[in-house]
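Each chain is listed here by its residues.
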Amino acid sequence: MLDMSGALAAIVGPEYVRGLGGAVAVAPGNTEEIAAVLRLAQENHLAVVECGGGTKQGWGYPVAPALVLEMHRLSTLREHTWQDMTCTVEAGCTWAAMQSGLAQHGQFVAVDPLWPDRATVGGIVATNDSGALRQRYGGLRDLIIGMTIVLADGTIAHTGGKVVKNVAGYDLHKLMIGAFGTLGVVTSVNFRLHSIPRFMQSFTVSAKSVEPVGRVMLAMLHAQLSTVAIQLRGGVDGFDLDIQLASLPEVLATQAGALEMLAQSEGLRLRAAADEVWNARQGQLSADVVCKGTMLPSEIARFAARVRGLSGESVTQAGGIMIAGFPAAAAGQLPQLRRELEEASGSWMVLKQPAETKLDCWGTLPDSLPLMREIKRRFDPERILNPGRFLGGI
Amino acid sequence: MLSADILMELRNAVGAEGLIVERNQLQTYECDGLAALRSVPAAVVLPRTTAQLQAVIGVCARHHIPFVGRGAGTGLSGGALPDDRGIVISFARMTKILATDIPNQRITVEAGVINAHVTQRVTPMGHFYAPDPSSQTVCTIGGNVAENSGGAHCLKYGFTTNHVLALEVVLPTGELVHLGSPTLDAPGYDLAGVFVGSEGTLGAASSMTLRIVRRPETVQVLLAAFDSISAAGHAVSDIIAASILPAAMEIMDRLAIQAAEAAVHPHYPECEALLLVEVDGPAAEVDLHMKQVRELCQANGAWEDRLAESEQERMLVWKGRKAAFAAAGRLSPDYIVQDGVIPRTKLPLVLEQVAEMAAATGLRVCNVFHAGDGNLHPLVLYDRSIPGQEEVAIDLSMRILHLCVDHGGSITGEHGVGREKQQALGYMYSEPDLDTMQRVRCSFDPENISNPDKVFPRPRLCGEKTGKYSPHPLETAGVAEFF
């Protein structure tokens, strides 16, 4: 039998290999070492789980790894060409560390993910996390301009580049975003950057019932406002709509007035919001059952009310991405909620659930599943990367 | 040549009136906007429905016939160039707008719908479709999806890929699949993201759901005149550094200004470098930002800066800019238009090197570019009637692309690789990079029939022959203008 630890130690050095439960954890120091580790894993048919901050390891179906690929040694913000507003960052860098580096020149990657202090670039990319800022800046697929990836057979490939405008070849990096690490290991990412807005203001509109808040939200989406973030929260006390504006101080004053009028037209009051409201999503993640729903903007109010009716709480951001938390007792109702969402062109993913609940994680499989399986087969023929974690058993 | 049996199958798929086999009619389809490369297809089919499209591709799959989709044929890299053993699938009859959903800012269209018609449909409701390639009055959404088209306003609004939510696609195997979703973040791989910009090599899209955008409250366009490209380039960098994101920032050099002036009389100032800056958004914000933009232009030595006063004048300013390619015909009998991208800050350095390279060959290079995102469109001017000059011009244009790659850029920002830049793709990406792309390609198209021999370098060819730019028939007729 192969001495796995010994073979890994020969690649990364003995101090970076350790036992972890029934698996071996290995912490490579660079892309080439990751390639060598994956080649070894493929030759020996070892299931590999990539791990950054470990904040979202429970998402998707569980995998029993033989090898845990720890990414924390690839943690450098390698390049920040601030004049060009681009950067290259290694996948194991935490989101907060990257942002604090970029902030030295007043710039940022315009995404506000969950747990930025612990979550890493690689994990956020793998799960395609985003936040309320998506309203203005788009998601990861709109902000990532290149990547370095390692395939299961050790092939090191670069995709995209360091310029924002580039149509040469396929956008392979889009394939890696939200793939849950099933196609390859992302080792570095090139981002398009934005300037951190200098003047911002957040407001909240609240009501007991969802309808007036929902109407104000739709009106705001269509209004001539400098909106950067928007979210609808639904909880025990009713519904709250948060909106963040960013512009010059003179303009903010005018726009706040316009917002006030919008709220008043529904008989509601606009009030200043604390910055913490933008972390509200994290509060849902401690619930027994946590789900991510996607829906059209016009359906947000309806489904926020549905979640409330099932004793759940929700935060829906950026025109239709909901995170909802439920008590375990509500689990039986969720397949029906999923059907309703899917009928309305949406989707419903179960991110977290008690072991005994056994809800299907991913929902109705798309007609493109055979194509997805074929891509998986060509990228990872031995199925060593996060096997079974993704939809359809990928 | 296709056998009588195969032609019968195609006729059964689209009806007799949807199949073209007459040689003189086929010639209409022998090239796209890169008219130097020509090849007559064996047949052209014009499906009217997704079912017909699926039937056609089914025939191709069964008999291993190469196919290429074609919208308006305005592409500039030979992407719609036919294979002489294969068929062209024209989308000229799939032109329906299927659904408009203003509250959710979405619209669903068939692939043959013209870009500008999308905006026209939603204008009364205060919206527009943002990607605006200069050929937008004739080019189709299907072609935009294949090429991931940009346009002057993608600096702020993004490219086609940022605006396509969902696609209905017939795979090269003949299967119909749905990629993406009208909602964000549908579970599964982002196949819509890979399909957009794949230049027809992964199948044919029959319809797509697009994001439409609220029309801005105010639009202002500034014309600023500088004594050097480098000064104009610095102004661009300063504007970006001041946290202003204009809708568009374009630079034209003296030659380009002269050409545009002669063609459409946009009343540009006579100068070494003209910078056009368009700022849009809420009125109060636009006023303040434009004030800052003007200050920054003046600080960088702009000796004239004026706002286009009316909607009419603004249209004229853009017409001049968009006419720049076609207008180059007034400067030189022949020219090649290129499409390199560099990091914005390399602009002065690269342009200096391009000028040196041009001087060494004795050829003139005219520069028009999307300065905000570093997308250069150098026009290499030459005269084909002088022996050897075409080869020199082609060589120069390829060396300019290599220079862009050397400075950390790309060989194409919006025109695509197509047939024209296949070898240059091999300069930009290594073998493992290309091999990884091939894995995707083979997943979609295992038999290699969907627009084969495009995009990827062909090792069996040692040199690359780029095409000289000659105006598309639509362009000479004044129907369309190209970047």
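Residues numbered from 1 in each chain as written. Chains lettered and ligands numbered in written order. Predicted model: local features only at pLDDT ≥ 70, side-chain atom pairs only at ≥ 80, totals over all residues. Heavy atoms only, no water.

## Re the interface of chain A and chain B
Then comes step 1: In this assembly, 71 residues from chain A lie in contact with 83 residues from chain B.
Then comes step 2: In total, chain A and chain B occlude about 6300 Å² of area from one another, counting both sides; carbon and sulfur atoms represent 57% of this.
Then comes step 3: Counting the surface chain A buries against chain B, the share from its top three residues, A:Lys165, A:Val167 and A:Tyr170, is 16%.
Then comes step 4: Counting the contacts that link chain A with chain B gives 5 salt bridges.
Then comes step 5: The interface formed by chain A and chain B contains 35 residue pairs in polar contact (both at pLDDT 80 or more).
Then comes step 6: Broken down by secondary-structure element, the contributors of at least two residues to the side of chain A that touches chain B are α6 (140–143), β9 (156–160), α7 (172–176), α8 (210–222), α9 (249–264), β16 (289–294) and α13 (369–379) of chain A.
Then comes step 7: At 7 residues, α13(A) tops the list of elements feeding residues into the side of chain A that touches chain B. (Contact = heavy atoms within 4.5 Å. Buried area = accessible area lost by both parts, 1.4 Å probe. Salt bridge = Lys/Arg side-chain N within 4 Å of Asp/Glu carboxyl O. Polar contact = N/O pair within 3.5 Å; in protein donor to acceptor, adjacent residues only side chain to side chain. Helix = DSSP H or I, 4+ residues; strand = E, 2+ residues; numbered from the N terminus.)

## Looking at α8(A)
Then comes step 1: The first and last C-alpha atoms of α8(A) sit 19 Å apart over 13 residues, in line with the 18 Å expected at 1.5 Å per residue.
Then comes step 2: Within α8(A) the residues assigned to the buried category are A:Val210, A:Pro212, A:Val213, A:Gly214, A:Val216, A:Met217, A:Met220, A:Leu221 and A:His222. (Expected span 1.5 Å × (residues − 1). Buried < 20%, exposed > 50% of the residue type's maximum accessible area, 1.4 Å probe, protein only.)

## Focus on the nonpolar core
Then comes step 1: If you look at the biggest cluster of nonpolar residues, it comprises 177 residues, and the most contacted ones within it are A:Phe191, B:Ile87 and B:Leu167.
Then comes step 2: At 9 residues, helix α14 (residues 389–406) of chain B tops the list of elements feeding residues into this core.
Then comes step 3: Those residues within four positions of A:Phe191 in sequence are excluded, and the remaining contacts are A:Met85, A:Thr86, A:Cys87, A:Val89, A:Trp95, A:Met98, A:Val109, A:Val121, A:Leu140, A:Leu143, A:Ile144 and A:Ile145.
Then comes step 4: A:Leu221, A:Ala256, A:Phe303 and A:Val307 belong to the second largest nonpolar core, which has 43 residues in total. (Core = buried A, V, L, I, M, F, W, Y, C linked by side-chain atoms within 4.5 Å.)

## Quick look at the state of the cysteines
Residue and element names in this part refer to chain B.
Then comes step 1: Across all of its chains, the model carries 0 disulfides over all chains by this definition.
Then comes step 2: Cys404 takes part in no disulfide bond, and the closest cysteine sulfur, belonging to Cys366, lies 16 Å away.
Then comes step 3: Residue classification places Cys404 among the buried residues on the basis of a relative accessible area of 0%. (Disulfide = S-S within 2.5 Å.)

## Quick word on the packing of helix α1 (residues 4–12) of chain A against helix α2 (residues 31–43) of chain A
Residue and element names in this part refer to chain A.
Then comes step 1: Remark: α1 packs on α2, axes separated minimally by 9 Å, with the N-to-C direction vectors making an angle of 160°. Between α1 and α2, the interaxial angle falls into the category roughly antiparallel. The interaxial crossing formed by α1 with α2 has right-handed handedness. Residue-level inspection shows Met4, Ala7, Leu8, Ile11 and Val12 of α1 in contact with α2, the latter providing Glu33, Ala36, Val37 and Leu40.
Then comes step 2: When its residues are assigned to classes, the contact of α1 with α2 shows 8 nonpolar, no polar and 1 charged. (Axes fitted to C-alpha atoms, helices over the stretch in contact; angles between N-to-C directions. Parallel < 35°, antiparallel > 145°, perpendicular 65-115°, else oblique. Left-handed = near helix turned anticlockwise from the far one by under 90°. Nonpolar A, V, L, I, M, F, W, Y, C, P; charged D, E, K, R; others polar.)

## Notes on the sheet that holds strand β15 (residues 304–307) of chain B
As a general point, the strands of a sheet are linked pairwise by backbone hydrogen bonds and lie either parallel or antiparallel.
Residues and elements named next belong to chain B.
Then comes step 1: With respect to topology, 7 strands assemble into an open sheet ordered β15-β12-β14-β13-β17-β18-β16, the strand pairing being antiparallel. Looking along the sheet, the strands with just one partner apiece sit at the ends: β15 and β16 (334–337). Shown here is a sheet whose adjacent strand axes are inclined to one another by a mean of 15°, direction ignored.
Then comes step 2: Two elements, strand β12 (residues 218–226) and β15, share 4 bridges in a ladder whose sense is antiparallel. Among the inter-strand pairings, Leu222 is bridged to a residue of β15, identified as Leu307.
Then comes step 3: Lying over the sheet, α14 contacts β16, β17 (364–370) and β18 (375–382), oriented at roughly 165° with respect to β18. (Pairing = 2+ DSSP bridges.)

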